[in-house]
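# What the coordinates show
This is what each chain is made of:
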Amino acid sequence: MVNPEFWRGKRVFLTGHTGFKGGWLSIWLHRLGAEVTGFALPPPTAPSLFASAGVEGLLHSTLGDIRDAEALTAALTAADPDIVFHLAAQPLVGDSYRDPVGTYATNVTGTLNLLQAARQAPRLGAVVVVTTDKCYENRETKTPYREGDALGGHDPYSSSKACAEILTHAWRRSFFHTEGAARIASARAGNVIGGGDWAEHRLVPDLLRAYAAGETARLRHPGSIRPWQHVLEPLSGYLTLAERLYDNRIDERAWNFGPPLADCISVGDIADLLASYWPTPAAWQAVPSELPHEAGVLMLDASLAQKKLQWRPRWPLSEALRRTAEWHLAWMEGQDMYAISTGQIDAYAQRPDSL
C-alpha cells in the first residue's frame, strides 16, 4: 500500500511526533527516506516511545505547543514541507473531563493554527488531519459508522474532534479550493494498540503495567466494544492517503481506517487475549468507572478506504496483540527498541496478504 519511492526525499512536517502514534509514524517515515520535521510538546509519558526508540535522532525535533500560533507557523515555514501530518492532540477522554478548556484549545484551536500556517507554505501539496472514530454522534448500536454519518460526541474529547472535522472541512472549502493549493483530508481511526504506549487510563498500557507487575488489572467497562487495531494499520492509511492527495488521485474528504468487524470485540476479551501472550499468569477484575460517561459500543466502516485507496488491514487482532506484548517484553529486557520497532514495520509492510 505504501510506496517507498514516493517518500524518498519528501519534506514532511509532523505535529505530535513525541506521542505514541506520532513516534511510530516518525520511525516509519525515516525508514522510507523522508526528511521529517516534528513539532510537539515534550513526550507525555516517561518512559516513552520517543525516548526508548531514539526518535529524536531520526528527525529535526522542535518542542512547542500547537496552541502557540506564532511558534507553530515559524516551525512549519522553516520546514517548507511537501506534506503535513497533523497528529498533535489531547487524546484522552478522561483528561478531557478534567480539563475541557485545554482539550478544546488543543484539539480545535491547535488545528486552526496548523491549517492557517499551512496556507503560507508555498510547496505544500497535501495535509492529513488526524481525528478519531469518536467524532461520530454515537448511538450505541452495532452498526459501523460511515464517513457521511452525523458528527457529535458526548464528552469534551469526542466533541472537540468533531469540531476539528468541521473546521478542516470549512478551511478546505474556504482557503484551499484554488488551483495549486494543498489538498486536505481528514482521517478517523479506531482504538490503536502497539508497543511504546504508556498513557494513563488507556486499556492496553494499563493491562501491560498490571501484567508486568504481577497485579490484577482493573477494567472499568469490560463489556464495551471498540474497533481495535495495531497502530501500523491507520498509519499505513495516513501514508497512502497522503500519497494519493499529493498526486491528485483521490477525493479531499474524511476517511475511516478501521479493523474488520470481527476485531471489534469487548474490553474483557482484549484483556484475556493479551494475557494469553504474556509469559506469566495474568488476570483482571471489573471495577466501577470514575468517568461520567464512556461509550459502550463503537464500530467503524472502512469500506470507502478499501475501495478507493485499496487500503486493507494486514494484521488480525491476535497478531496485533502478540506484537504489542513482544515489543513490551523486549523493552523490559533492555533490547534495542529502534531495531524492534523497525523490524515490526518491515514485517507489516512485507506481509503479502491482507485480511
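Just so you know, these numbers come straight off a predicted model, no measurement behind them.

Bringing helix 13 (residues 337-350) into the picture now. With 14 residues, helix 13 extends 20 Å from end C-alpha to end C-alpha; this agrees with the ideal 20 Å at 1.5 Å per step. Within helix 13 the residues assigned to the buried category are Met-337, Ser-341, Thr-342, Gln-344, Ile-345 and Tyr-348. Angular distribution of buried residues about the axis of helix 13 spans 155°; they occupy a single face of the element. On its buried face, helix 13 sits against helix 2 (20-32), helix 3 (49-52), strand 9 (225-230), helix 9 (232-246) and helix 12 (317-332). N-cap assignment for helix 13: the residue whose side-chain oxygen lies 3.1 Å from the backbone N of Tyr-338 is Asp-336.

A word on the UniProt feature "domain: NAD-dependent epimerase/dehydratase" (unreviewed entry) in the protein. Residues annotated in UniProt with the feature "domain: NAD-dependent epimerase/dehydratase" (unreviewed entry) correspond here to residues 12-245. Between the end C-alpha atoms of residues 12-245 the distance is 14 Å, and the span holds 42% helix and 18% strand.

Inspection of the secondary structure puts Lys-21 in helix 2. The buried charged residue Lys-21 lacks any salt bridge, with Asp-133 as its nearest oppositely charged partner at 8.4 Å. When residues no more than four places from it in sequence are discounted, the contact partners of Lys-21 are Leu-87, Val-130, Ala-189, Val-192, Val-231, Leu-235 and Tyr-238.

Turning our attention to the sheet that holds strand 6 (residues 183-189). In spatial order, the strands read 3-2-1-4-5-6-10; together these 7 strands make up an open sheet with parallel pairing. On the outer flanks of this sheet lie strand 3 (60-63) and strand 10 (254-257), each paired with one strand and no other. Taking the axes of each pair of neighbouring strands and ignoring which way they run, one obtains an average angle of 20° across the sheet. Strand direction decides the pairing type here: strand 6 and strand 10, joined by 4 bridges, are parallel. Paired with Ser-186 across the bridge in strand 10 is Ala-254. In the packing of helix 6 (residues 100-118) onto the sheet, the strands contacted are strand 1 (11-15), strand 4 (83-86), strand 5 (126-130) and strand 6, and the crossing angle to strand 5 comes to about 180°. Contacts from helix 7 (residues 156-175) reach strand 5, strand 6 and strand 10 within the one sheet, and its direction differs from that of strand 6 by about 160°.

So, on to the packing of helix 6 against helix 7. How two helices sit against one another is set out by the angle between their axes and by the gap between those axes. It is at 9 Å that the axes of helix 6 and helix 7 come closest, and there the two elements cross at 15°. In terms of orientation, helix 6 and helix 7 fall into the roughly parallel class. The crossing of helix 6 and helix 7 is right-handed. Packed against helix 6, whose contacting residues are Pro-100, Thr-103, Tyr-104, Asn-107, Val-108, Thr-111, Leu-112, Leu-115 and Gln-116, the element helix 7 presents Pro-156, Tyr-157, Ser-159, Ser-160, Lys-161, Cys-163, Ala-164, Leu-167, Thr-168 and Trp-171 at the interface. Class assignment for the residues of the contact of helix 6 with helix 7 results in 11 nonpolar, 7 polar and 1 charged.

For the rest of this paragraph, the subject is the environment of Thr-73. By the secondary structure assignment, Thr-73 is in helix 4 (residues 69-79). Spatially, the C-alpha atoms of Thr-73 and Trp-7 are 23 Å apart, while their sequence positions differ by 66 residues. Among all residues touching Thr-73, those that are not within four sequence positions of it are Ala-117 and Gln-120.

Here we take up the packing of helix 10 (residues 267-276) against helix 12. Orientation of helix 10 relative to helix 12, taken along the N-to-C sense of each, is 55°, at an axis distance of 9 Å. Relative to helix 12, helix 10 is oriented oblique. For the element pair helix 10 and helix 12, the recorded crossing hand is right-handed. Contacts between helix 10 and helix 12 involve Ile-270, Leu-273 and Leu-274 from the first element and Leu-317, Ser-318, Leu-321 and Ala-325 from the second. Grouping the amino acids of the contact of helix 10 with helix 12 by side-chain chemistry returns 6 nonpolar, 1 polar and no charged.

What follows deals with the pairing of strand 4. Residues Ile-83 and Phe-85 point to one face of strand 4 and Val-84 and His-86 to the other, with burial holding for every one of them. Of the strand pairs in this sheet, strand 1 and strand 4 are connected by 4 bridges, and their pairing is parallel. The partner of Thr-15 across the bridge, within strand 4, is His-86. In the sheet, strand 4 pairs with strand 5 via 4 bridges, with the strands oriented parallel. Of the residues in strand 5, the one forming a bridge with His-86 is Val-129.

In space, the 3 strands of this open sheet follow the order 7-9-11, with mixed pairing throughout. Edge strands, defined here as strands with exactly one partner in the open sheet, are strand 7 (191-193) and strand 11 (264-266). Taken over all neighbouring pairs, the strand axes of this sheet differ in orientation by 50° on average, direction set aside. The pairing of strand 7 with strand 9 spans 3 bridges and is parallel. Pairing of Ile-193 across the sheet is with His-230, part of strand 9.

Thresholds, definitions, all that
Residues numbered from 1 in each chain as written. Predicted model: local features only at pLDDT ≥ 70, side-chain atom pairs only at ≥ 80, totals over all residues. Heavy atoms only, no water. Helix = DSSP H or I, 4+ residues; strand = E, 2+ residues; numbered from the N terminus. Expected span 1.5 Å × (residues − 1). Buried < 20%, exposed > 50% of the residue type's maximum accessible area, 1.4 Å probe, protein only. Arc of directions from axis to C-beta. Contact = heavy atoms within 4.5 Å. Polar contact = N/O pair within 3.5 Å; in protein donor to acceptor, adjacent residues only side chain to side chain. UniProt positions renumbered as here; feature names shortened; annotations may be inferred. Lys, Arg positive; Asp, Glu negative; His and termini not counted. Salt bridge = Lys/Arg side-chain N within 4 Å of Asp/Glu carboxyl O. Pairing = 2+ DSSP bridges. Axes fitted to C-alpha atoms, helices over the stretch in contact; angles between N-to-C directions. Parallel < 35°, antiparallel > 145°, perpendicular 65-115°, else oblique. Left-handed = near helix turned anticlockwise from the far one by under 90°. Nonpolar A, V, L, I, M, F, W, Y, C, P; charged D, E, K, R; others polar.

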